[in-house]
Amino acid sequence: MRAVLLACALVAMAGCSAEEAEPPAAIWPADFESAWPEVRDCRLSPAEHDGFYIRVFANPDATQAYEDGVYPFAEGTLLVKGEYDDAECKTLVRVSAMQKLGPGAASELADWEWQRTDAAGNVTTQMPAKSCAGCHAACKARDYACTDK
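Just so it is clear, the structure is predicted and the values come from calculations on it, not from any experiment.

Engineer: Just give me the short version of the overall build of the protein chain, but keep the residues and values in it.
Structural biologist: Each helix and strand counted, the protein chain has four helices and six strands in total. Its helices and strands taken in sequence order, the protein chain reads α-α-β-β-α-β-β-β-β-α from the N to the C terminus. For the protein chain, restricting intrachain contacts to residue pairs at least 6 apart in sequence, the fraction spanning at least 24 positions comes to 47%.

This is the structure:
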């Protein structure tokens, strides 16, 4: 009995002194819908992204390259896909984003960081998101960005 109590006390003390890990932060700004240029308007995405309606935004430094189809994208390019449950793209349900990393930073993921969050920005999927890279591999010629204008 004494050993059990001692073990419980040690576990309790370890729990009190251990720092809880911070949840990962969204790689996109919360105001992306109003602050960033929209590079693809509201459209239904039946197969990809679970049938949500989507809008695509690019960080301001990457907008022109996205619109002109300049590939590969520069390091730091951030493409954010708002996913909505209505045809007017008013009710944000979740967000998927991809950020271009430096050469060789994640070669198995085409040097992109992939992330999905809920509408509030709570991360639900974080790199390595091989399922994201796997689907986007079909768009390798466009540096893994699958959405057209």
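Following the structure, the description resumes.
Engineer: How would you summarise the pattern of salt bridges if you had to cite specific residues and measurements?
Structural biologist: Under the defined criterion, the tally for this structure stands at six salt bridges. A salt bridge links Arg43 to Asp41; its shortest N-O distance comes to 2.8 Å. A residue is classified by how much of its surface remains accessible, and Arg43, at 27% relative accessible area, is partly exposed. A salt bridge links Arg116 to Glu83; the shortest N-O distance between them is 3.9 Å. With Arg116 in strand 5 (residues 112–118) and Glu83 in strand 3 (residues 78–84), the pair connects residues that are 33 residues apart, well separated along the chain. The same class applies to Arg116 and to Glu83, which are both buried. Each of Glu33, Glu38 and Arg55 takes part in salt bridges that share partners, so that together they form one network.

Engineer: Let's hear about the state of the cysteines: which residues, and what values?
Structural biologist: If you walk through the whole model with that rule in mind, you get two disulfides. Here Cys42 connects covalently by a disulfide to Cys89, the sulfurs 2.0 Å from one another. Looking along the S-S bond of the Cys42-Cys89 disulfide, the torsion reads about 80°, which is the right-handed sense. In this pair, Cys42 is assigned in strand 1 (residues 38–44) and Cys89 in the loop between strand 3 and strand 4 (92–100), connecting sequence segments 47 residues apart. With a relative accessible area of 27%, Cys42 lands in the partly exposed category.

The rules behind each value
Residues numbered from 1 in each chain as written. Predicted model: local features only at pLDDT ≥ 70, side-chain atom pairs only at ≥ 80, totals over all residues. Heavy atoms only, no water. Helix = DSSP H or I, 4+ residues; strand = E, 2+ residues; numbered from the N terminus. Contact = heavy atoms within 4.5 Å. Salt bridge = Lys/Arg side-chain N within 4 Å of Asp/Glu carboxyl O. Buried < 20%, exposed > 50% of the residue type's maximum accessible area, 1.4 Å probe, protein only. Disulfide = S-S within 2.5 Å.

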